[in-house]
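# Commentary on secondary and tertiary structure
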Amino acid sequence: MRIAIVGAGIGGLCAAAGLQRSGAEVAVFEQSPGIRPGGSGLTVFGNGLTALDSIGRGEAFRAVTTAEAGVLRGGQRRPDGSWLSTFPADELTGLRVVERVRLHELLASAISPDAFRLGHRVIEAAQDGRVTTIAADGARREEPFDLVVGADGLRSAIRASWPQDPGTVYAGYSAWRGITERPVDLRGEAGETWGVGRRFGVAPLPDGRVYWFAVLSVRQGHRFDDHAETLNELFGHWHRPIPELIAATPPSAIQYHPIEELAGRLPSFVRGRTVLLGDAAHAMTPNLGQGGGQAMEDAATLTALLSPFAAAAPDAAELKVALRRYDELRVSRSQRVARRSRAVGRLAHVPGRTLSSVRDLVVRATPASALRRQLAWLQDWTPPA
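Below, the structure is looked at part by part. What you see is a predicted model; the values in this text were computed from it and never measured. (Residues numbered from 1 in each chain as written. Predicted model: local features only at pLDDT ≥ 70, side-chain atom pairs only at ≥ 80, totals over all residues. Heavy atoms only, no water.)

## Points about the sheet that holds strand β17 (residues 270-271)
Across the sheet, which stays open at both edges, the 6 strands sit in the order β7-β2-β1-β11-β18-β17 with mixed pairing between neighbours. At either margin of the open sheet sits one strand with a lone partner, and together these are β7 (116-118) and β17. The sheet contact formed by β17 and strand β18 (residues 274-276) spans 2 bridges and is antiparallel. Of the residues in β18, the one forming a bridge with R271 is T274. (Pairing = 2+ DSSP bridges. Helix = DSSP H or I, 4+ residues; strand = E, 2+ residues; numbered from the N terminus.)

## Overview of the environment of L107
Structurally, L107 is set in helix α5 (residues 100-108). Owing to a relative accessible area of 0%, L107 belongs among the buried residues under this scheme. Not counting the four nearest positions on each side in its chain, L107 is found in contact with I10, L13, C14, A17, L52, I55 and R57. (Buried < 20%, exposed > 50% of the residue type's maximum accessible area, 1.4 Å probe, protein only. Contact = heavy atoms within 4.5 Å.)

## Examining the packing of helix α1 (residues 10-21) against α5
Where α1 meets α5, the axes come as close as 9 Å, and the angle between the chain directions of the two elements is 25°. By the angle class used here, α1 and α5 are roughly parallel. Note that α1 runs across α5; the crossing there is left-handed. Where α1 abuts α5, its residues I10, L13, C14 and A17 lie against R100, L103, H104 and L107. Considering only residue class, the contact of α1 with α5 consists of 6 nonpolar, 1 polar and 1 charged. (Axes fitted to C-alpha atoms, helices over the stretch in contact; angles between N-to-C directions. Parallel < 35°, antiparallel > 145°, perpendicular 65-115°, else oblique. Left-handed = near helix turned anticlockwise from the far one by under 90°. Nonpolar A, V, L, I, M, F, W, Y, C, P; charged D, E, K, R; others polar.)

## Here we look at the nonpolar core
Grouped together as the largest cluster of nonpolar side chains are 65 residues, with contacts concentrated most on I3, I5, L103, M296 and L306. The element best represented in this core is α1, accounting for 7 residues. Those residues in contact with M296, other than ones at most four positions away along the chain, are I10, C14, L42, V44, G48, A51, L52 and L103. Ranked by size, the runner-up nonpolar core spans 25 residues in total, among them V218, L231, L245 and I246. (Core = buried A, V, L, I, M, F, W, Y, C linked by side-chain atoms within 4.5 Å.)

## Quick word on the sheet that holds strand β9 (residues 130-135)
Strand order in the open sheet made by the 3 strands is β8-β9-β10, with antiparallel pairing throughout. Among the strands making up the open sheet, the edge pair consists of β8 (120-125) and β10 (140-144). The mean inter-strand angle of the sheet, taken between neighbouring strand axes irrespective of direction, is 30°. For β9 and β10, the ladder comprises 5 bridges, and the chain directions are antiparallel. Pairing of T133 across the sheet is with R141, part of β10.

## Notes on the packing of aromatic side chains
Applying the stated criterion across every chain yields a total of 8 aromatic pairs. Centre to centre, the rings of F29 and F145 are 6.0 Å apart; their planes meet at 90°, and the pair counts as edge-to-face. Placement of F29 in strand β2 (residues 25-30) and of F145 in the loop between β10 and β11 (147-150) is noted, with a sequence separation of 116 residues between them. Judged by its relative accessible area of 1%, F29 falls in the buried class. Consider the rings of Y211 and F213, whose centres lie 6.2 Å apart with planes at 45°: the pair is tilted. Each member of the aromatic cluster is reached from another via a ring pair, and the members are F200, W212, F235 and W238. Across the ring face of Y173, the terminal group of R199 is positioned such that the distance to the ring centre comes to 5.6 Å. Across from the ring centre of W377, 4.1 Å away, lies the NZ or CZ of R340, which sits over that ring. (Phe/Tyr/Trp six-rings, centres within 6.5 Å; stacked < 30°, edge-to-face > 60°. Lys NZ or Arg CZ within 6 Å of the ring centre and 35° of its normal.)

Here it is, written out as structure tokens:
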């Protein structure tokens, strides 16, 4: 089975690794001249780890991460450091934090180097599996495939060609992300701190360095002249180690991006012999830390459904059944996660001090059993047999 995978992000690489392992011939088209991971760090929950196990990369992932993040005290705090809510520790035993570059490396290492078509921009993916690309030198080429996987991110060119494409929308807030250049002692605590229209998140990496993110309600398109200075103004008076994390990160390594998601739901992730996964299918806000996890679930699900016939030329009826099943399994779950993530963002960024104080009371009053159910639902996932 010949499969074209458009995009070499987390979802595309997971799909390529899993499908190649199942016997398929894969071609990974990436318009950049190299595999460049976006963002700085990534939190992977239990469902993502299950997906990585399913495609054969779980052991390699465990080798470059630790379970330390899951044993720290986590939850939501106020800027003065007082706790609003604490997550049940036994529901986070599979939680791991990884640098995106490390994750990309371990996924790419499982894929044949000959499979990568770097510097190739896909300009058309027909419903019958034909893919038209333009190389860096301007050469145009058309190739037939049994299946095309659109894993080309938030602004997916594959999705844009579909009549149901809802487009993207700004969530109302933007985020800075960074990794400290040296270890920082977290004193056994991580999680998020919520203020008025802003928040700060902390997650430890295996070598003691810390992945952090800061989020601010701000009008769309707003730009800051000096990110480090702005962060110090916004968060420099918050509880430790937040000021220390900002100081321990080189200003040149701080990334700033608007938070966007799909403007509406796609009724289907399948169109003919083309299928969407990851952000191309269900781009969501990062409030539940599930963007990467859902892409991993997509890839593991597609791999499991195609594995019985991946090593041979597929029967059209078999492929249609498999893609229909993929749609049934992935549309509902991923869009439900996206809705919950959006709701958390709206709660975290309620405007003004009065509503923020009410929000804090609501978070403080939320029973541990409700948090446990939420974490269990997110993580208790397995790929289809």
